[in-house]
Structure formats: structure tokens, C-alpha cells
Number of protein chains: 4
Amino acid sequence: MPDGTNVGLIGYKFMGKAHSHAFRTVDKFFDPTSKPVMKAICGRDEQAVSEFAERWGWESYETSWQTLVSRDDIDLVDIGTPGSTHAEMAIAAAQAGKHVFCEKPMAMNLAECRAMLEAARAAGVKHMVNHNYRRVPAVSLAKRMIEADEIGEIRHARFTYLQDWLTNPEFPMNWRLRKESAGSGAHGDLGSHMIDLAHFLVGDLDSVVGQKKTYITERPAEGTSSGLTATAGEGTEQVTVDDHSMWLTKFANGALGSFEATRLAAGRRNFNRFEINGSKGSLVWCFEDMNWLEFYSTESPAHEQGFRRILATEECHPYAGNWWPPGHLLGYDHTFVHAVYDLLEDIAHDRPCWPDFRDGAQVVAVLEAVNRSIDSGSWADVERVE
Amino acid sequence: MPDGTNVGLIGYKFMGKAHSHAFRTVDKFFDPTSKPVMKAICGRDEQAVSEFAERWGWESYETSWQTLVSRDDIDLVDIGTPGSTHAEMAIAAAQAGKHVFCEKPMAMNLAECRAMLEAARAAGVKHMVNHNYRRVPAVSLAKRMIEADEIGEIRHARFTYLQDWLTNPEFPMNWRLRKESAGSGAHGDLGSHMIDLAHFLVGDLDSVVGQKKTYITERPAEGTSSGLTATAGEGTEQVTVDDHSMWLTKFANGALGSFEATRLAAGRRNFNRFEINGSKGSLVWCFEDMNWLEFYSTESPAHEQGFRRILATEECHPYAGNWWPPGHLLGYDHTFVHAVYDLLEDIAHDRPCWPDFRDGAQVVAVLEAVNRSIDSGSWADVERVE
Amino acid sequence: MPDGTNVGLIGYKFMGKAHSHAFRTVDKFFDPTSKPVMKAICGRDEQAVSEFAERWGWESYETSWQTLVSRDDIDLVDIGTPGSTHAEMAIAAAQAGKHVFCEKPMAMNLAECRAMLEAARAAGVKHMVNHNYRRVPAVSLAKRMIEADEIGEIRHARFTYLQDWLTNPEFPMNWRLRKESAGSGAHGDLGSHMIDLAHFLVGDLDSVVGQKKTYITERPAEGTSSGLTATAGEGTEQVTVDDHSMWLTKFANGALGSFEATRLAAGRRNFNRFEINGSKGSLVWCFEDMNWLEFYSTESPAHEQGFRRILATEECHPYAGNWWPPGHLLGYDHTFVHAVYDLLEDIAHDRPCWPDFRDGAQVVAVLEAVNRSIDSGSWADVERVE
Amino acid sequence: MPDGTNVGLIGYKFMGKAHSHAFRTVDKFFDPTSKPVMKAICGRDEQAVSEFAERWGWESYETSWQTLVSRDDIDLVDIGTPGSTHAEMAIAAAQAGKHVFCEKPMAMNLAECRAMLEAARAAGVKHMVNHNYRRVPAVSLAKRMIEADEIGEIRHARFTYLQDWLTNPEFPMNWRLRKESAGSGAHGDLGSHMIDLAHFLVGDLDSVVGQKKTYITERPAEGTSSGLTATAGEGTEQVTVDDHSMWLTKFANGALGSFEATRLAAGRRNFNRFEINGSKGSLVWCFEDMNWLEFYSTESPAHEQGFRRILATEECHPYAGNWWPPGHLLGYDHTFVHAVYDLLEDIAHDRPCWPDFRDGAQVVAVLEAVNRSIDSGSWADVERVE
């Protein structure tokens, strides 16, 4: 049993903050068998990364990720950079014998994912993809209830992940809107979250059919951006990823499902929602009300049947008892703490992580099958990753 | 201008009650130019139909619909029987020079619908299909707001119509579960309502792709049924219609959409819901909260933006001012009164009805395109009815 | 057993419409032992009342209520006029041997109510006050669940009835804003509904303390009014009733409660809401979502506890099975049909009505106790009507 | 300008965790002019407090609060112990020249509060009471909107704070249920939060009238407790504080209000809710959906009026822009970070804190006025703290 797990994190923007916060918070509210040690943060801009290191309490910093992954004092490499960089980093980290924690989307395509999975398996290291919504207490509770057969055999599952930050055509370009840097638009960015939840709660997808669209094909060129506020530069640029994707699926267990991802649904900020109907009941969750799980049971007395709204902050609910008394809400960042806790425990006890690189690769396999279905105008089988 | 519109209604079950209630109520709350006169009700069981006539105030009854449609004192034939009978009745009524009001689904297939449309046009009579959800005040308000450009150019539209009365596998067979009597299951029964709303609010559909499923393929044989309670008979019978359908569409105006109809969504009694996202806002409605319309506008001040819940019971809202003061809710039956009022006015003023048989035929064209797409496993174009 | 109950209705405005609709609808959806016969409608304006009689199907009309109540062919006198007229009419009707159905508020003060009660008892006629919200299916369901001990011993009960039609200071005067015609403002008009629900669901009130206020003391003079739209006349007039009242109570069973009535709660159209907390659960209802009842039970498994939203449209719910299939909503007017049905059955079977004149008088006793508490600035005991 | 603000915290239970988390997190997401330095934590149990210090990153620990407050290297004393200890500690800290941050309820009675205020003023130190709900972004947004006159002149304000952890009579005794340690029950514990919000959003209270009750007067004796789970000991003990209080108020600005605090409202975990109705609109907020603010405006076009649900996570909303992108929810603990940030800035820039000891004392003055009104059975004036 290690007396500390040495972490090296690559990336110091949105995800860098979320992961740093998780590592420095996890052992305050939870009792990991082996506490994280925040050894090193890595980024290319030396001044920025050194400031980040100081602010967030990283013991050191690197400007080369190759250096970071080869350091002897690192046990776990955490990859929080854009998806186009994941494969190379993860493979190198695994080959250097490091456990790997990787942000989603796992990589740019299934081939990259398979290579990452092979490298991690060959090295015998732990590997996990950060699909953090699994670890919202209300979502974990849904999983537990499904496993306890509280809604019976699943028949329908509908997933939507609706955002609206691109509704305004004057919103300028950024890396998320270019195919070379982002791989895809809403389809991969939001779709990967939904597919992971579908795998978690319903099971494997057999086949898919769908459509995608870019409604606003040209945007003001990228200017300066600061935090959330973006300023347009001069001229315009072509948008090379989708704004929206919608698709249907047949699950391996016989259920039918639908998925929709968009950045143009006016009024929906982060509307990551599922509704699952089974032979004995239903479950509904939406990230915009993330602490609540809706549940319907056909087994209640007839006159009392109705969707109930469960506030998943009780000690009997997953993760919730480690924080505050019942009724005290959790937020987005808490889910990263839960992920890091589970990861540290899996490492400490030499258990498989979930979702691991196989799971993450399977998500990408579904995304690619949807793309094939769009190209062919017909149903496409989902490749199965073993 | 007639001094009364003589109505003959065929059918005296669920729809017979709803229509009778509408005809006897409409001139109490509204002021139709020509009041309806409840001339005759028609059904095959003489005792039952005569009792119904007396109870509901029909002046006479017939046991043969052929007799009814040929009576000189009938101006308007209202068809409230199962869909397999609509075409023959509607064509005969039109040929007899009667205006025709027809329950949905309009007919068993597009060919029947086309024949009905041709007959009605040839006879120069008014024709209307009763897609009553258009006339929920909140839905009519949505239409008015879309026409006033309050949500801009429509980009996404999702429609679901979820019911759960077949969730229990012990629920016995009835006519709705047999292909020969019902034509289809959830797909046509619920789908036709959604498609009509989509035509009303978004516009024509160009192409579709989908899937259907019958989850519970065998049910207890039909026993006696009394009102809503069904009793199983001996043995079992095969279910020959779908329980569930899901499909995607490309609208002619460039929007993308999704549709889902099911009778197995535990906890959803009559969850006929749409969400429409445009370039300037969004609209959401669900029949289970039928008096409310949700509206989001990107044109509100930034710090005030949010979905607002409009209680569509104000005098400035469609139909609502004819009933009660603001805040006094309407129910399912009020929508039939609105439909009958509009129909009577269209007849009195010799205006086109909406939705008419062309509109109803177009709904069936979409249903059939989805079926073709399911057979082929690929996208199918929607035939356009002119 | 009578073969028809002959009804005479006094008043043909808002309540005249609601009652007429109920009498002509009740035997369509329900099977009263003795059907109502709409014998006569009464109003002072002969042209208006004769038109109303014809429109709504009353066999005759009267312009003198004294004549109406003395007609031999009337069994039941229904009083739908403003409250200041109720006592005289009800007493005369009872003395003439007629059953009496009276709109709320029952009368202008407790003394009048007591006289009405004595007259009805002395005459041995049936007497009922139309607190129609008791007969919303969701509210009747709440009553049934309380009686079945589903929420245990009641501890807290909060009632609010919030409207907003007086928010705008330019809204002109009408009879509801004058003490001589209306008796009181929000306090009596809305308070009487809440108190009746409290009696129905919780039980008697022992003592009260409260406050009232008129925020807008002067309004444009009354002009012409047509339906819901009022036009101001010239000049202004003093408002002589309250806009708002709030008060606390101690129930006889040990529960504590609060009440609030207002016509100035911007955005609340008809927000008649209660929440009742018991030792084993809670119930919540609001008229703006009148078909839904919220229920929480401490007896569900711990991880599943949450407020559930019951759509009270099932055959197993009160009244609902007589209308439409599950999930088809009811509205405001349906509650009058339920009231009339129960009344007719009570008359036919010679059973006590509920709420009767004693119940209605007790409501007024509470309103008066609140007024006394306001005068004294301290708690006041509620007079008990036996 | 200091180059760091040295903090000493007294108390290491629930509030000790919440405050420690805030101090170690604030300079990660915000940029305080002077960062907090976590100098010392204080508690009586040396082993426990030393472990806490190590876990949470306090540089040192003390077992005597007197020692802590006299340390030269402490600038700010943070008091997170039960209310019975606040006055003595705060006065000593102020006299030692330390700024004082004090948990609510501020003290056991108004006399103590006044003494604390005098001591702080005499010493010229900063003083702040931690009514953290003011700093929920949605609540701060409500304040901003009220100040911008978006709802006009306030007329009604209703506050409820409903919890249910004492619903079960088998829940055993703890310090919160004894008068000597807790001062009061729901009345002070929850009431103080509501009163502070009322002061913040509406203004001063002039007079009050109310009632309180202890429904369950005897509970199992205290056993061992571990986190949220309490085990009963042998025998029973008398409960000496209230379970529930309800009261009315007249605000100085002419608005009328109501308040209710309880620990027995089955199903309400932390239902701290307000609704404020003004002459131009309304605002509604509830902690159980803490990220959302409901807003109604009479100034929207008539057909669009409705309560809108604003997700207060935008950069234009208070505090929210420092955390995550729009639509990423915050939780309970974030409110402590906001409080600590504001406090540090007030110290750094020598500005008054809010709410300060005067504000906290005024809250207690209201609680005491309610108690006096209960004793007298009549309205009581609220003493004004200058």
C-alpha cells in the first residue's frame, strides 16, 4: 500500500482547475487509502504554468509533458488537455509505467483509443476516463436502483445534452469549432457524456442511425478571450464542426434509445438529461437540477403513483454522506472529487477503474458508428471494443 | 348564412361523448354565427344509441351510417368511429354534399386519405380532421408567437407522446392492439397527433428515419370491458401493432427534429410534449400541464433570461377569454369545443378549415414514410400531398 | 325518490354561467339518482335574463327572486348572487320548503349565517355552501389520504390564496372593492375558500391572530365593464375593503397553521395552495396545477423518499373516472359538476350535504375572529357554530 | 495593504469544516487583495484538533481559545462554535484587536449581541456575522434586481425555512434540543437565517406576532453520534426548545410579511424559501434549488408574462463568473467561499462588512420580539439596534 500517490497533471485551463481542485479537496472530505500528492503541473507557457502551480499548490511544474511523464516521482499522470493530444500523452505515460487518468473525449478516433487501451494493458497500469457525470450522487443512485431492479427491464432510454452558447451568430470562433483541434462539435463533446451514461445505466449499443448539422457555418474570427468572455477579431472563419447531432439506437438488451446533442438550444445551459423507462418504473435526471433524481414506481399503491423527486443528499445516497447534512446541495466540482476518490482507491487496492480505457474507447466507437450512419444514410453497427 | 348547422355524429363511445359535449356546449361560451343543431347520432346497437341520443340531447338516432349521411336534414357529418371506417364514411358523406368533420387518425393509409380529400374537394364541402391539441390555448399561443417571430428561425424540434397504459403485461387485448382494426399502435395513434403539431408549429417534413418495436407480443385475450377497466378473457392473443416508435426528421425549412410515441413509458399518462428551439428563443409545452406554455427569449436582459411559465388563461390568449377569469384552468374537453367553434365558423363564412383533409393526409404520408424507412433501414422521403 | 329535481337559479353572471353549465352537464357524465330539471333562472334585468334562459336552456325565467322561491315547481333554490343578498334569499327559500344551494361567501356576517342555518334546519331542507375546491379530484384525494392516515397526525398546515388582478393601480373600482356590497376584500373572498379547505382537511380552528391592509386606497372610478375587461370612468373612488390579509391559527387538534389572501401578488393568478405536514408525510396542492397532488411519505424506503406528483385523473381517484381516460386533464368548471352531483345525491337519498350551512357559518366565524384579532392586536378565539 | 491575512478559527465540527474549506479555496477561484493564511485552529480535544489541523492545512493548533485570540500572529478570529460561546470569544477577540467573523446565531440574546457590537466598535476592528445565504448567487441577484427597482415597491414577503430531521420521534436528543446549549430550536436556528434575508431584501421589521410549539416533548436520551447518524442511549430526556415557530410582521416600509421555521415538515430537507411580491413583479427562491431564481415582471408584454426560472450561473450574475462556465451548478459550500472573499476584501480595503454585528444583533432583536409577542399573546415592537 503506497503512503501517497504522486500526481502529475497536464493542462491548466478549465479542466486543470477542476482537477487541481479535486486533488486538493479529496482527502479533506473523504479518506483515501493513499492520499494524493500534487507533484507537478505541466503546460507550455512557463510563466502561466508556474503561476498556476503556485496558486493551486503543485510542488513543481514542467513545460514539457514528455519530461513530466518520465519523472520517477510521478505515479499517476492526469491528462486535462484538448482531445487531440490525449493519445500520444497517454501512451507515453503508460509506457513509462504511470497510471493514467484522462479527460474526455478520450481521443480523436477509435484507432487512437485502441492504441491507448493496448498501451495501458501492456503496461499493467490503471486507466480511467473522466466521465464525471456518473459520479453525481443522483446518477450513482439511479445506477444503484437499476441494479436493484427497481425499474425492471429497461425498454426506452432518451438522452439529451442541450447547450446554447452558440445560439448567437456573433459568438466568435475558438478551438472547439475547428475540426483539427476538436475532432467534432456537439456530437463528440456532449455526445460522449451521454453515451457514457447510457453504457453505465442501460448497457451496450448495437446499432445507430443519425444526422448532424452546422447551422451557423461562418463566425467572426477568434479574438482575445479571457475566461468566459470572448472577443471577436477581424474577418470571419469557417466553422468546421457540427452544432447539433440527433440519433437513434438499438441497445443490446432490446431497449430502444435516442440521443441529441446541441449548442443551439436557446435557454438550455447544460441540459444533460436522461429519462429511462422500465417495466416497473422510470428514472429521470437533468444536470441543471443535478441534486435531484425523479423516480416512478408501478409498485406503489395505485392512487399514490407519481414521479417523486428525490433530493440525493442523504447519507444513504452515494457520496453524499461525506459532505454536508441532508438538504445541502452539491455542485459541478464535487463530481471531480468523487472521480478522483474512486480512482485513488482503485489504484490503492489494485482494482479495475470505471470507466476505463475500454469503456472510453467504446464511447468513441459509438460516435464513429453514428458518423458512418450519417455518411451512408442508413443504420450502422457499433464496433465492439473488448 | 344558415340559421343553424345540422349535425349528424357517427360513433358514441369515447369520441362520441367528447364531440357531443362540444356541440352542446359551444354556443354557451362562444357565439357561433350559426349554432349547431344536434340532429342525429348513429351507432349499430339500437338500444345503446337510443339511450345515448336521449342522454346527450340528439334529436334522433340512426343505426345505419349510410342512412345518416343521406338524410336531407344533415349539414355536417361528424365521424367519431375507429379509423378503419373513416374513408368509406367520409367519402359517402362528401358525395352526399355534407361537410365532414373526422376524428384522427384520418384513415388507414395514404391512399384512403387521398380518396377522402378528392371526394371532399369534388363535392366542394368543408373538411376538417380533429387534431384537437392545436386548439389548446397554450398551443395556439405558441403558434401565434412563432408567427410573430418571437423565437426566430426554428432549428430544433423534439416531440414526444408518452403513455403507459400497456406497461403491465397483464393488460388484456383490445381493438387498439390489432392491426386490422387499428392500423398501427402508438406510431399512428400518438404519432399522428405529434406530426400534426409539427406541421402546425414548424412546417413540412422532408425525410425521416426510424424504428418501432412491440415489447409485449402476447397478451391475455380480450374479456369484458366496462369504461376504463378491462377484464381478461381466457387464453392469450398476439399483439399485432407496435408499442413504440422513435424517428428523426429533416424539416423542409432546415430544422432537424425527433419524434417518439410509446404506450410503455411508466409514469407518463398523456405526456404529449414538444420543445422547439429557434434562433431567438424556445417554446415548451406538455399536455400533462396543458394550461402552461414555457417560453425563453434571448432578447430579455442577460441577467433575467430564463424559461418563463405562462398560464395561458388570459383574455389576450387564444380561446381563453371565452371561458373563465384568468387563472381558472381548462381541461381536455375544452379543446373539442374550440375545434367545433372554429369548424362552425369556417362553414358559416365559407372559409377553409384547418387542419383539413390535405393536412390530415400529409400526417399519414409522414407515418408511412417512417414505416418505409424502417423496412429499408435507411432514410425515406416524405411524399407531399398537394 | 323524485323523478327529477327542479332547480331555480338566482344570478346569471360569472356564477350563473358556472352553475348553469354544471346542471346541464352533470347527468351526461354522472348518473344522478334524480336528474336536475332546469326550471327557472332569475335576474332583475328582464331582457338579459330571458336571453340567458334561452342560451343556457332554462325552461323559464323570473325577474323577482321572491316569485322564484315561492314557485311550487321548484325543489332546489340555487343562489349565485353577491354575498350581501344571500341571507334574505336563503331564508325565504328555506321557509318556502326549498332545498338551498348557496355560493360563497355564505353571507355578510355570522349573524346572517346563523339565521340561514336556523331557517334551513327549521324547514328541514337540505342546505349546502358551494366551496367548490373541495371537489377538485386532487383535493378530494388528499382528504381520502388523510382519513386513511397516510400522513399521520397533522402538525403544520399553511394555506395561501394569491391573486394579482389588483396589482395595477389603474385597475378601476368595482363592487368587489366596496365594503357595502362585498363585505370584505381578499380576506373574505379568498379567505373563505382557504378556511373551508382547512376545515375539510385539518379540522376546526381554535384561535387566530392576524393583520390586513389596503395598499392602494384610491382607484379610478368604475366605468363600463364587459366580461373581464374593465374601463375606468372619470375621477377616483376610495377602496373600502382590504387588498391583503395574513393570519395565524391554532387548530383544535394541536396543529399550527397560517393563512394569506391577497389580490396583489404579481404573477399569481389563482394560487390557491396548501401544504400540510403530518407525522408520516406531507401533502401539497395548488389550484394553478389543479390536477396534481404532491405527496411525501416517510414510509417509503429511505433512499426513495421524495415528493411525488400524482396526476389525479385515474379511475381510482375521486370523480375522475366519470370523465376521460387517465391523463386527460380537468378544469375549473368540472368542480361545479362534482358539487352539483353530490348535492343531487344528498337530496335524493336524504343525506346531509357537505359543506352545509353550519360549515359555511363556521367559515364566517373564523373570518370574524380574525377581524376581532386585528382590532385588538391580540389573539382571538373562534366562536364555534353547532 | 497586508500581504496576507492571518486567520485563527475556533471550532472544528460542521462549521469548522465549512470555514476551513472556504479559506483554503477562496484564493484559488477569487483574487483576494490579501490572501488568507491559515495560522491556527482551536478546539478543546487536543488529539482531534491536531488531526483536524493536519488534515485541513492549519499551520498550528490551540486548545484554549483565549490563547488563540491573544496570539500576535492572528489578524482575524473566526468563531465557528455553538452560539452560547460566541459573545465571550468575540469580545475577547475584538479587545485583542482582531477582526471577528462569527457564525450565526450571533449570540444567546440581544444583550450579548450589543456587548459584542460595542466591543468591536470600541476596538475599531471589522466584524461580520456569517449569514451565508445572502451570498448564494441567485439571492445576491435578487438583491441586485430589487435595488434596480425591477419588482417595484415591495408589498408582501413570505419566508419559510422548513426542515424535517426531527419528524421521527425516535430521533435522539442532542445539544440542539436543549435550551441551555442552543438557546432556542427552529425559531433561532432557522429563523435567524430568514430574518437576515428579510433585512437584506426587504428592510427592517417594525412589529411581530407569533406562536411556537414543541410537538415532541420527550426523546430518547443522547447516545453516540458519528457524523450524521445518531444512536439513542438509554432512557429519555425532555426537549427544552421549540420544534416550530410561525409569525407575522409589519415591515417599516409598509410591506407585510410572514415567517415559519420548523424541523418537522416531512419531506422538506432544507427548504429555505422566500417569495417577495412588489408593485412591478415578484421574486422567488428556495435553497433546495439554490442555483435558480424565479422572477415575474408586470412589464413584459401581456401574453408573455409568467414566472421565469433564471439559472444564476452566468458571468453577469454575482460571484458565478469566478467558478465554472454557465450552467455548471454551485453548492452549499460555495456560499462560504463568497463570504470569506467579501470579508477579506472588506478588511483589505477597510470597508464595512455586511452583515456586521449590528445587523446580526438586529436579527436577534427580532427573534426576541417574537418571543415577547408569544408571551403576551399580542403584537410586539421590534427593538431597533443602531
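Every value quoted in this text rests on a predicted model; they were computed, and no experiment measured them.

A. Region of interest: the overall build of chain A. When helices and strands are counted, chain A shows 11 helices and 17 strands. Relative to the globule expectation of 21 Å for 386 residues, the C-alpha radius of gyration of chain A, 21 Å, shows essentially globular dimensions. A principal-axis box enclosing the C-alpha atoms of chain A has dimensions of 65 × 55 × 40 Å. Across the 386 residues of chain A, 63% fall into the buried class. Look at the contacts in chain A between residues 6 or more apart in sequence, and 70% of them connect residues 24 or more apart.

B. Geometry of the sheet that holds strand β5 (residues 99-103) of chain D. Residue and element names in this part refer to chain D. Taking strand neighbours across the sheet as the criterion, the 6 strands line up as β3-β2-β1-β4-β5-β6 in an open arrangement whose pairing is parallel. At either end of the open sheet lies a strand with only one pairing partner, and these are β3 (60-62) and β6 (127-130). If you compare each strand with its neighbour and ignore which way they point, the axes differ by 25° on average. Summarising the sheet, strand β4 (residues 76-79) and β5 pair through 4 bridges and their orientation is parallel. Its bridge partner lying in β5, Ile-79 is registered against Cys-102.

C. Spatial organisation of the packing of helix α1 (residues 14-29) of chain A against helix α10 (residues 332-348) of chain A. Residue and element names in this part refer to chain A. Put simply, α1 and α10 touch, their axes get as near as 8 Å, and they point 70° apart. Comparing the axis directions of α1 and α10 gives the class roughly perpendicular. Crossing geometry of α1 relative to α10 is assigned as right-handed. Mapping the contact onto sequence places Ala-18, His-19, His-21, Ala-22, Phe-23, Thr-25, Val-26 and Phe-29 in α1 and Asp-333, Phe-336, Val-337, Ala-339, Val-340 and Tyr-341 in α10. In terms of residue class, the contact of α1 with α10 is built from 10 nonpolar, 3 polar and 1 charged.

D. Representation of the interface of chain A and chain D in the model. At the interface, 27 residues of chain A touch 27 residues of chain D. Taken together, the residues of the side of chain A that touches chain D break down into 10 nonpolar, 11 polar and 6 charged.

E. Structural view of the relation of the copies chain A and chain D. Expressed as a screw transformation, the operator carrying chain A onto chain D has a rotation angle of 180° and an axial translation of 0.0 Å, and the superposed copies differ by an RMSD of 0.0 Å. Expressed as a symmetry operation, the mapping of one chain copy onto the other fits a two-fold axis. The position closest to the rotation axis in chain A is occupied by the C-alpha of A:Gly331, lying 2.2 Å away. Most of the interface of chain A is mirrored in chain D, where 100% of its interface residues again form contacts.

F. Focus on the sheet that holds strand β4 (residues 76-79) of chain A. All names here are of chain A. Strand order in this open sheet of 6 strands is β3-β2-β1-β4-β5-β6, and the pairing throughout is parallel. The open sheet has two edge strands with one neighbour each: β3 (60-62) and β6 (127-130). Here the average twist between neighbouring strands, direction ignored, is 25°. Where strand β1 (residues 5-10) and strand β2 (residues 36-42) come together, 6 bridges link them in parallel fashion.

G. Representation of the relation of the copies chain B and chain A. In the superposition of chain B on chain A (RMSD 0.0 Å, axial shift 0.0 Å), the rotation amounts to 180°. Take the interface residues of chain B: 100% of them recur as interface residues in chain A, which is what a same-surface contact looks like.

H. Examining the pairing of strand β11 (residues 244-251) of chain A more closely. Residue and element names in this part refer to chain A. Buried residues dominate β11, accounting for 7 of its 8 residues. Across 8 bridges, the pairing between strand β8 (residues 205-213) and β11 is antiparallel. When the bridges of β11 are listed, Val-208 appears paired with Thr-249. Pairing analysis gives 7 bridges linking β11 to strand β12 (residues 256-262), with the strands arranged antiparallel. Residue Lys-250 lies in a different strand from β12, and its bridge partner there is Leu-256. Joining the antiparallel neighbours β11 and β12 is a turn of 4 residues, in which Gly-254 adopts a positive phi near 100°.

I. View of the interface of chain B and chain A. Chain B puts 32 residues into the contact, and the matching count from chain A is 33 residues. When residues of the side of chain B that touches chain A are traced back to their parent elements, those giving at least two are β7 (154-162), β8 (205-213), β11 (244-251), β12 (256-262), β13 (271-278) and β14 (281-286) of chain B. Broken down by class, the residue content of the side of chain B that touches chain A amounts to 11 nonpolar, 16 polar and 5 charged.

J. Inspection of the nonpolar core at higher detail. Among the nonpolar cores identified, the biggest contains 516 residues, and A:Val208, B:Val208, C:Met116, C:Val208 and D:Val208 are the most heavily contacted of them. What A:Val208 contacts, discounting residues up to four positions off in sequence, is A:Trp247, A:Leu248, A:Thr249, A:Val366, A:Ala369, A:Val370, A:Ser373, A:Trp379, A:Ala380 and A:Val382.

K. Region of the structure containing α10(A). For α10(A), which comprises 17 residues, the first-to-last C-alpha distance of 26 Å matches the rise-based estimate of 24 Å (1.5 Å per residue) to within 8%. α10(A) sits mainly inside the fold: 14 of its 17 residues count as buried.

L. View of the UniProt feature "domain: Gfo/Idh/MocA-like oxidoreductase N-terminal" (unreviewed entry) in chain A. Within this structure's numbering, the places UniProt gives as "domain: Gfo/Idh/MocA-like oxidoreductase N-terminal" (unreviewed entry) are residues 6-131 of chain A. Along residues 6-131 of chain A one finds 45% helix and 22% strand; the C-alpha atoms at either end are 22 Å apart.

M. Region of interest: the pairing of strand β8 (residues 205-213) of chain D. Residue and element names in this part refer to chain D. With respect to burial, β8 is a largely interior element, 7 of its 9 residues being buried. The pairing of β8 with strand β17 (residues 380-381) spans 2 bridges and is classified as antiparallel. Each residue of the ladder has a partner; that of Ser-207, found in β17, is Asp-381.

N. Here's a closer look at helix α4 (residues 86-95) of chain C. Residue and element names in this part refer to chain C. For α4, the tally of buried residues reaches 7 of 10 residues, placing the bulk of the element in the interior. Turning to α4, its buried residues are His-86, Ala-87, Met-89, Ala-90, Ile-91, Ala-93 and Ala-94. Once α4 finishes, Gly-97 follows within two positions and takes phi at roughly 85°, a positive value.

O. The environment of D:Ser140, seen in detail. Residues and elements named next belong to chain D. Mapped onto the fold, Ser-140 is located in helix α6 (residues 137-147). A residue is classified by how many C-beta atoms lie within 10 Å of it, and Ser-140, with 21 of them, is buried. Those residues in contact with Ser-140 that sit more than four places away from it in its chain are Arg-134, Arg-135, Pro-318 and Tyr-319.

P. Seen up close, the domain arrangement of chain A. Residue and element names in this part refer to chain A. Structurally, chain A comprises domain 1 (5-132) and domain 2 (137-289 + 291-330 + 363-376). Just the C-alpha atoms count here: the centres of domain 1 and domain 2 sit 25 Å apart. Broken down by class, the residue content of the side of domain 1 that touches domain 2 amounts to 9 nonpolar, 4 polar and 1 charged.

Q. Geometry of the environment of B:Arg269. Structurally, the position occupied by B:Arg269 is in the loop between β12 and β13. Given 21 C-beta atoms within a 10 Å radius, B:Arg269 is considered buried. Sequence separation of B:Arg269 and B:Lys143 is 126 residues, and the distance between their C-alpha atoms is 25 Å. Not counting the four nearest positions on each side in its chain, B:Arg269 is found in contact with B:Gln163, B:Asp164, B:Glu288, C:Leu311, C:Thr313, C:Pro326 and C:Gly327.

R. Inspection of the packing of helix α5 (residues 110-123) of chain D against helix α11 (residues 357-376) of chain D at higher detail. Residue and element names in this part refer to chain D. Across the interface, α5 lies against α11 with an axial gap of 9 Å and an inter-helix angle of 170°. Between α5 and α11, the interaxial angle falls into the category roughly antiparallel. Residue-level contacts link Leu-110, Cys-113, Arg-114, Met-116, Leu-117 and Ala-120 of α5 to Phe-357, Arg-358, Gly-360, Ala-361, Val-364, Ala-365 and Glu-368 of α11. Of the residues in the contact of α5 with α11, the class split is 9 nonpolar, 1 polar and 3 charged.

Thresholds applied
- Residues numbered from 1 in each chain as written.
- Chains lettered and ligands numbered in written order.
- Predicted model: local features only at pLDDT ≥ 70, side-chain atom pairs only at ≥ 80, totals over all residues.
- Helix = DSSP H or I, 4+ residues; strand = E, 2+ residues; numbered from the N terminus.
- Rg over C-alpha atoms; globule rule 2.2 N^0.38 Å.
- Buried ≥ 20, exposed ≤ 12 C-beta atoms within 10 Å, placed from the backbone.
- Contact = placed C-beta atoms within 7 Å.
- Pairing = 2+ DSSP bridges.
- Axes fitted to C-alpha atoms, helices over the stretch in contact; angles between N-to-C directions.
- Parallel < 35°, antiparallel > 145°, perpendicular 65-115°, else oblique.
- Left-handed = near helix turned anticlockwise from the far one by under 90°.
- Nonpolar A, V, L, I, M, F, W, Y, C, P; charged D, E, K, R; others polar.
- Least-squares fit on C-alpha atoms with pLDDT ≥ 70 in both.
- Core = buried A, V, L, I, M, F, W, Y, C linked by C-beta atoms within 7 Å.
- Expected span 1.5 Å × (residues − 1).
- UniProt positions renumbered as here; feature names shortened; annotations may be inferred.
- Domains from an automatic or database assignment.

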